[in-house]
Amino acid sequence: MTNQAWRNSVKQLWPFGLWLLAFYTVWLTIIIATDGWQSLQHHWPIALAMALGSYIAGSTPMGGGTVGFPVLVLLFDMPGSLGRNFGLAVQSIGMVSAAIYIFSARRPLDWGLLRPALVGALIGTPLGAVCVAPFVPDLWVKLTFAVVWCSFGIMHLLKMRELVSAVGVSDRWRNYDRWLGLAVGFTGGIVASVTGVGIDMMVYATLVLLYRADLKIAIPTSVVIMAFASVVGITTNAILSHINPGLYYMDPEVYANWLAAAPIVALGAPFGALVVNLIPRTPTLLLVSLLCIGQFLWTIAHENVSGLVLLCAIAGVLAVNGVFHLLYRWGRNEDAFPALQQNAVETSAVQLASEENAG
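Scope of this entry: the structure provided in the associated data block. Note that this is a predicted model, so its numbers are computed, not measured.

Side note on the overall build of the chain
Here is step 1: Within the chain, the secondary structure is distributed over 15 helices and zero strands.
Here is step 2: Expressed as a percentage of its 359 residues, the buried residues of the chain come to 51%.
Here is step 3: Long-range pairs, those at least 24 residues apart, make up 84% of the contacts in the chain between residues at least 6 apart in sequence.
Here is step 4: Here the chain has roughly 16700 Å² of accessible surface; of this, 69% comes from carbon and sulfur atoms.

Structure follows, in structure tokens:
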């Protein structure tokens, strides 16, 4: 890169620099005004964990809550609702910071799917926060999180080479952008309202499996949708906690952990978005996939899951991977049920032969 090209690339990042200046000014003001230094010292472990979580958030289709949730819920034995709200809160800084960097650096996005997905998330996330999340038992919040990301990990291990080698985006499904985006955004918004993450993975999976999208397009697109859903989700939950604190309770620890982690993720997530274009993606995705599977096993052991609940969790992993397989087959222009297709062909042949004999 020439000196002039480097200067131009730095100049176009001014919105990102302005965002960081505004955020750190507000954050430092809050710390000084509320004498929050002691709280920072008490919550340093989550800040340390989110150093890794924010890097993963910016460099993969996983929100920072993917690390924050198991750390708070499994390591610190906090309720799943706290992990969910913390994930949304911290991503409203980290993922937004990464999204602003992505926009400033003019990274390619799949706007055809992203636009309707944003609309779907705007509807699904608040709806899930009001009508679904408060009524999901704590164990099922943890298991939903574990199942979704375990499925993601398995999918990547099985399709890693093919996903990494994809170039561009297929146009075969462009006529369905509006409805696919709305469906994925709406469904993903409900999942995010329960676990704090998930919509990013769903948009990403649709792009890489169905649209055969390059990871340079799929990952930034997933970051933007998760940033949007996080802001909508934590805003909705904060409003609901004031309207009806009994039903929509938000633990004060959410704010305390957010205050400690926010300055870390504001830089960590954009750093991940920068690094992902400079190093091979395979090692990072391989590590993340193994962590996703590991957290599922950790959740099962930590919560002493057994019997019917364990069978449901395993069935959930199989079901989500079944959906991934359908998207993959359709993305390759293959029939998802070749045996059924073959039976249909044979049946049609028999019927045609019968009609000819009758004639």
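What to know about the side chain of Asn 237
Here is step 1: With respect to the helices and strands, the residue Asn 237 is situated in helix α11 (residues 215-243).
Here is step 2: Discounting residues that sit within four places of it in the chain, Asn 237 has contacts with Asn 85, Leu 88, Ala 129 and Met 250.

What to know about a nonpolar patch on the surface
Here is step 1: Judged by side-chain polarity, Trp 14, Leu 18 and Leu 21 come together as a nonpolar surface patch covering roughly 370 Å² of accessible area.
Here is step 2: Of note, Leu 21 is situated in helix α2 (residues 14-34).

Concerning the environment of Ala 47
Here is step 1: Mapped onto the fold, Ala 47 is located in helix α4 (residues 44-59).
Here is step 2: Through-space distance from the C-alpha of Ala 47 to that of Ile 264 is 6.6 Å; in sequence the pair is 217 residues apart.
Here is step 3: Beyond its immediate chain neighbours, meaning those up to four positions away, Ala 47 contacts Ala 260, Ala 261 and Ile 264.

What about the packing of helix α10 (residues 199-210) against α11?
Here is step 1: Relative to each other, α10 and α11 sit at 155 degrees, their axes nearing to 8 Å. Put simply, α10 runs roughly antiparallel to α11. Handedness of the α10/α11 crossing: right-handed. Residues Ile 199, Asp 200, Val 203, Tyr 204, Leu 207 and Val 208 of α10 form the contact with α11, whose own contacting residues are Leu 215, Ala 218, Ile 219, Thr 221, Ser 222, Ile 225, Met 226 and Ala 229.

Here we look at the packing of aromatic side chains
Here is step 1: Here the structure, examined in full by the defined rule, presents eight aromatic pairs.
Here is step 2: An angle of 55 degrees between the planes, with centres 6.0 Å apart, marks the rings of Phe 152 and Tyr 204 as tilted. Of this pair, Phe 152 sits in helix α8 (residues 138-165) while Tyr 204 is found in helix α10, placing the two residues 52 residues apart along the sequence.
Here is step 3: According to the relative accessible area criterion, Tyr 204 is buried, its value standing at 0%.
Here is step 4: Taking the centre distance of 6.1 Å and the plane angle of 25 degrees together, the rings of Tyr 255 and Trp 258 count as stacked. Residue Tyr 255 and its partner Trp 258 are both found in helix α12 (residues 252-275); the two are separated by three residues, about one turn of the helix.
Here is step 5: We classify Tyr 255 as partly exposed; its relative accessible area is 43%.

Things to note about the pattern of salt bridges
Here is step 1: Under the defined criterion, the tally for this structure stands at six salt bridges.
Here is step 2: Asp 138 is the partner of Lys 142 in a salt bridge, and the nearest nitrogen-oxygen pair spans 3.2 Å. Highlighted residues: Lys 142 and Asp 138, both in helix α8, separated by four residues, approximately one helical turn.
Here is step 3: For the salt bridge of Glu 303 with Lys 142, the shortest nitrogen-to-oxygen distance reads 3.1 Å. Of this pair, Glu 303 sits in the loop between α13 (281-302) and α14 (307-331) while Lys 142 sits in helix α8; the two residues are 161 residues apart in sequence, bridging distant segments of the chain.

Describing the environment of Ser 193
Here is step 1: With respect to the element layout, Ser 193 can be found in helix α9 (residues 177-195).
Here is step 2: Judged by relative accessible area, which is 2%, Ser 193 ranks as buried.
Here is step 3: Between the C-alpha atom of Ser 193 and that of Gly 233, which follows or precedes it by 40 residues, the distance is 6.3 Å.
Here is step 4: Ignoring sequence-local partners within four residues, the contact set of Ser 193 consists of Arg 84, Thr 125, Gly 128, Ala 129 and Ala 133.
Here is step 5: Within the structure, the side chain of Ser 193 is placed 2.6 Å from the backbone oxygen of Ile 190, a separation counted as a polar contact.

Cut-offs used in this document
- Residues numbered from 1 in each chain as written.
- Predicted model: local features only at pLDDT ≥ 70, side-chain atom pairs only at ≥ 80, totals over all residues.
- Heavy atoms only, no water.
- Helix = DSSP H or I, 4+ residues; strand = E, 2+ residues; numbered from the N terminus.
- Buried < 20%, exposed > 50% of the residue type's maximum accessible area, 1.4 Å probe, protein only.
- Contact = heavy atoms within 4.5 Å.
- Areas by Shrake-Rupley, 256 points an atom, 1.4 Å probe, with all protein chains shown as cover.
- Patch = residues over 30% accessible without salt bridge, like charges linked within 9 Å, V, L, I, M, F, W, Y side chains within 5 Å.
- Salt bridge = Lys/Arg side-chain N within 4 Å of Asp/Glu carboxyl O.
- Axes fitted to C-alpha atoms, helices over the stretch in contact; angles between N-to-C directions.
- Parallel < 35°, antiparallel > 145°, perpendicular 65-115°, else oblique.
- Left-handed = near helix turned anticlockwise from the far one by under 90°.
- Phe/Tyr/Trp six-rings, centres within 6.5 Å; stacked < 30°, edge-to-face > 60°.
- Polar contact = N/O pair within 3.5 Å; in protein donor to acceptor, adjacent residues only side chain to side chain.

The analysis is restricted to geometry; functional conclusions fall outside its scope.
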